[in-house]
Amino acid sequence: MDNEGFSSGEDAAAGGVAADRLRSIIERVERLEEERKALASDIKDIFTEAKSAGFDVKVIRQIIRIRKQEPAEVEEQETLLDIYRRALGM
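Residues numbered from 1 in each chain as written. Predicted model: local features only at pLDDT ≥ 70, side-chain atom pairs only at ≥ 80, totals over all residues. Heavy atoms only, no water.

What follows is about the overall build of the protein chain. Across its full length, the protein chain carries four helices and zero strands. Seen in sequence order, the protein chain has helices and strands lined up from the N terminus as α-α-α-α. Residues classed as buried in the protein chain amount to 4% of the 90 residues present. Of the roughly 8,300 Å² that the protein chain leaves accessible, carbon and sulfur atoms contribute 55%. (Helix = DSSP H or I, 4+ residues; strand = E, 2+ residues; numbered from the N terminus. Buried < 20%, exposed > 50% of the residue type's maximum accessible area, 1.4 Å probe, protein only. Areas by Shrake-Rupley, 256 points an atom, 1.4 Å probe, with all protein chains shown as cover.)

Below you can see the structure in the form of structure tokens.
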């Protein structure tokens, strides 16, 4: 028995938990989080490039959000925006 009171055979499924499977899941999530950080850094670099080329990053982000939406949803929002602008005399 080791320090925690489990024999080596019990380590693999201590407390009913499959340690190898748990470790694998945790390591996969950690790898994906590292990839996500790298991707976020790449995206930031692209926005920096866009800004230095004279583009408005805020508008680019807005376009990206719009492109993710369904066309009907975009049309509805644009219609409401137009109605609200007219109501405010804009």
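Per the UniProt record, "coiled-coil region" (unreviewed entry) is found at residues 22–49. Across residues 22–49, the secondary structure splits into 100% helix and 0% strand, with the terminal C-alpha atoms separated by 41 Å. (UniProt positions renumbered as here; feature names shortened; annotations may be inferred.)

Bringing the confidence of the model for the protein chain into the picture now. Should pLDDT be low for a region, the predicted coordinates there are not to be read in detail. Per-residue confidence for the protein chain gives a mean pLDDT of 89, with 84% of residues at or over 70. Here helix 1 (residues 8–11) stands out as the element of the protein chain with the lowest mean pLDDT, 52, in contrast to helix 2 (residues 19–52), whose mean of 97 is the highest. (pLDDT = per-residue confidence, 0-100.)

A few words now on helix 2. End to end, helix 2 covers 50 Å across 34 residues, agreeing with the expected 50 Å (1.5 Å per residue, within 8%). In the stretch just after helix 2, Gly54 is the one whose phi turns positive, near 95°. (Expected span 1.5 Å × (residues − 1).)

This brings us to the pattern of salt bridges. Scanning all chains against the criterion turns up three salt bridges. A salt bridge links Arg23 to Asp20, with the shortest nitrogen-to-oxygen separation between them at 3.2 Å. On the criterion of helical spacing, the pair formed by Arg23 and Asp20 is a turn pair, its members being three residues apart in helix 2. What makes Arg23 partly exposed here is its relative accessible area of 44%. Look at Asp20 and you get exposed, because its relative accessible area is 56%. (Salt bridge = Lys/Arg side-chain N within 4 Å of Asp/Glu carboxyl O.)

Right, let's talk about the packing of helix 2 against helix 3 (residues 57–68) for a bit. It is at 9 Å that the axes of helix 2 and helix 3 come closest, and there the two elements cross at 125°. If you check the angle between helix 2 and helix 3, you find them oblique. Where helix 2 approaches helix 3, its residues Phe47, Ala50 and Lys51 are matched on the opposing element by Val57, Ile60, Arg61 and Ile64. (Axes fitted to C-alpha atoms, helices over the stretch in contact; angles between N-to-C directions. Parallel < 35°, antiparallel > 145°, perpendicular 65-115°, else oblique. Contact = heavy atoms within 4.5 Å.)

As a further point, take a nonpolar patch on the surface. The grouping of Val17, Leu22 and Ile26 at the surface amounts to a nonpolar patch, some 240 Å² of accessible area in total. Mapped onto the elements, Val17 comes out in the loop between helix 1 and helix 2. (Patch = residues over 30% accessible without salt bridge, like charges linked within 9 Å, V, L, I, M, F, W, Y side chains within 5 Å.)

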